[in-house]
Amino acid sequence: MPHKSMAIGIDIGGTHLRAALISASGEIVRRVSDKSAPDPELVLGRIADMVRRLDGPEVAAVGVGIPGRVDAKRRAVLSGGYVDLASVALAPRLESMAGKPVVVDNDCNMALVAEMALGAAMGHGNVVMFTIGTGIGGAVAEMGKIVRGSATAGQLGHIGVDPHGEVCKCGRRGCVETTSSGTALGRHMARAGLGADVTVEQLLARAAAGDVVAREILDAWARPLRAAIDTAVAMFSPDLVLLGGGLGEAAHKALGRAPALAPWYQAPVQPARLGDEAGVIGAGLQALAVETTASARPAGGRRAVLVNGIPASGKSTVSRGIIERMGWPLLALDTVKNPFLAMLDGVDREFNRTLGRASYAAIWSIVGEAPPGATFVVDAWFGFQTRELLEEHLARAGVGQTAEIWCHAPGDMLAERYRARLDQRLPGHPGAAYIPELIELAKRAEPLRRGPLFDVDTTKPVDFDAITAWLREVMV
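Residues numbered from 1 in each chain as written. Predicted model: local features only at pLDDT ≥ 70, side-chain atom pairs only at ≥ 80, totals over all residues. Heavy atoms only, no water.

Draft legend 1. Local environment of the sheet that holds strand β1 (residues 6-12). Taken in spatial order, the five strands of this open sheet run β3-β2-β1-β4-β7, and their pairing is mixed. With partners counted over all chains shown, the strands left at the sheet margins are β3 (28-35) and β7 (102-106), one partner each. Neighbour-to-neighbour, the strand axes of this sheet turn through a mean angle of 20°, independent of strand direction. Strand contacts of helix α1 (residues 40-54): β1, β2 (16-23), β3 and β4 (59-66), with the helix running at about 155° to β3, the strand carrying the most contacts. This element, helix α2 (residues 90-98), spans β1, β4 and β7 of the sheet and lies at about 145° to β7. (Pairing = 2+ DSSP bridges. Helix = DSSP H or I, 4+ residues; strand = E, 2+ residues; numbered from the N terminus. Axes fitted to C-alpha atoms, helices over the stretch in contact; angles between N-to-C directions. Contact = heavy atoms within 4.5 Å.)

Draft legend 2. Representation of the packing of aromatic side chains in the model. Summed over all chains, the structure comprises six aromatic pairs. Ring centres of W264 and Y265 lie 6.0 Å apart, and the angle between their planes is 90°; this geometry places the pair in the edge-to-face category. A residue is classified by how much of its surface remains accessible, and W264, at 73% relative accessible area, is exposed. When the ring of Y360 is compared with that of F384, the centres are 5.2 Å apart and the planes differ by 75°; the resulting orientation is edge-to-face. (Phe/Tyr/Trp six-rings, centres within 6.5 Å; stacked < 30°, edge-to-face > 60°. Buried < 20%, exposed > 50% of the residue type's maximum accessible area, 1.4 Å probe, protein only.)

Draft legend 3. Broad picture of the side chain of N106. Along the chain, N106 turns up in strand β7. Engagement of the side chain of N106 in a polar contact is seen with the backbone oxygen of G68, the distance being 2.8 Å. If near-sequence neighbours (up to four positions away) are discounted, N106 is found in contact with I66, G68, V70, G138 and Q155. (Polar contact = N/O pair within 3.5 Å; in protein donor to acceptor, adjacent residues only side chain to side chain.)

Draft legend 4. Looking closely at the pattern of salt bridges. A full pass over the atoms with the stated rule returns 20 salt bridges. Between R74 and D71 there is a salt bridge, with its nearest N and O atoms 3.0 Å apart. Relative accessible area serves as the criterion here: at 56%, R74 is assigned to the exposed category. Here D71 falls in the buried class, since its relative accessible area comes to 8%. Here D105 and R148 are joined by a salt bridge, their closest N and O atoms 2.8 Å apart. A residue pair is termed long-range when its members are at least 10 positions apart, and D105 in strand β7 and R148 in the loop between β10 (145-146) and α4 (177-180) qualify at 43 residues. (Salt bridge = Lys/Arg side-chain N within 4 Å of Asp/Glu carboxyl O.)

Draft legend 5. Expanded view of helix α7 (residues 212-236). Counted at 1.5 Å a residue, the expected span for α7 with its 25 residues is 36 Å, and the 35 Å between its end C-alpha atoms agrees. N-cap assignment for α7: the residue whose side-chain oxygen lies 2.9 Å from the backbone N of V213 is D211. Looking one or two residues beyond α7, the residue adopting positive phi is S237, at roughly 45°. (Expected span 1.5 Å × (residues − 1).)

Draft legend 6. Here's a closer look at the environment of V70. Counting through the fold element by element, V70 comes out in strand β5 (residues 69-71). The class of V70 is buried, set by a relative accessible area of 3%. Distance in space between the C-alpha atoms of V70 and R148 is 9.8 Å, their sequence separation being 78 residues.

Note that all results are geometric; they support no functional claim without further evidence.
In structure tokens:
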């Protein structure tokens, strides 16, 4: 039976429907697209056809990013814009058509998942994202998880910036969507006497050359957005604010003329990196995360916190901090392996690797002997063995739930850490000659993304309170 390690990610837009086969690492393996339409039944049929074109035995689930308000927990579309899917029960109908589990969420939430995994927000757990397009979407992540509130938190396009402003489609006046979206920019330009043939790039160029009209248009567009960003920063205190969507990069440039309004409420603002691919990548990753978490929870199953990272990434420090606070037993690869290295003579690197594989198997044998419901912290670089082997070990050990903590730092820092501990390493562990290999490994190493994921940048002090709060939430 093939290992189901991929998902289909779908991004619904007003002009295009995009779909892609997404690997567990977020790679786009294959993509298809179709035209969008205002008719929800027509859109549903086209989505189902794209799923059929991408489907295969390796596909575990389907994720769909939808513009508008979406209750992800109930898989319900509450409202939409150009494509309003609230009337078609999209998730259950597509599930019936595709024969695969279907996850739905707001399209901006899906994009933020992708940006945190692979894009401009990598390494950041607390992020606010505005998507600037026909309207303005929004998403918020705290400790690496999308903030949802009771259902649809993160509708940042409806932050009020002018109580006497234009009526928004939500029914209120002066939402930032009415002043700083692509549609609003068109209105600003029309009022200034510019035609629809003037692009935002041309507008920016004119402003840079000193054109007063262009500058006034960009000020009217960017200053309310800056006020909305300041409000979001005051509310969520993020590490980073991302601007995505078709006009995200242009909005970022326009904000250069609109500095933060108050020194208390500032955070770095950057353009998103993944462009149109963010939606399908995030939808695929979200589908995989939800599906693996759901499939990993049989009644009475054992649980494992996978503290993952390459050598010298700081995972041992993180593991010890977790067990001190949570009281769970720790199983570390070196703890199992090192007593053998200390007693055996003539151990070389190849034999060390053999012992590592045996110790890996021993860890899961120990987990499998524990009572149902037991929780272990497992400290290892999980990339040294195949994903398929890990899944086999988890299945044999009866592990019903996993959560991953990904520890990482730049390669040069890992090299310094590794070099500083060379005299403490037992025979068989690679010596100084391994350091260039370690630096290269740091460039390509990736988390497993098997179930919930918490990112730890070990160049900074480890926030164990945040880690333990997250573990109490996800290890249920």
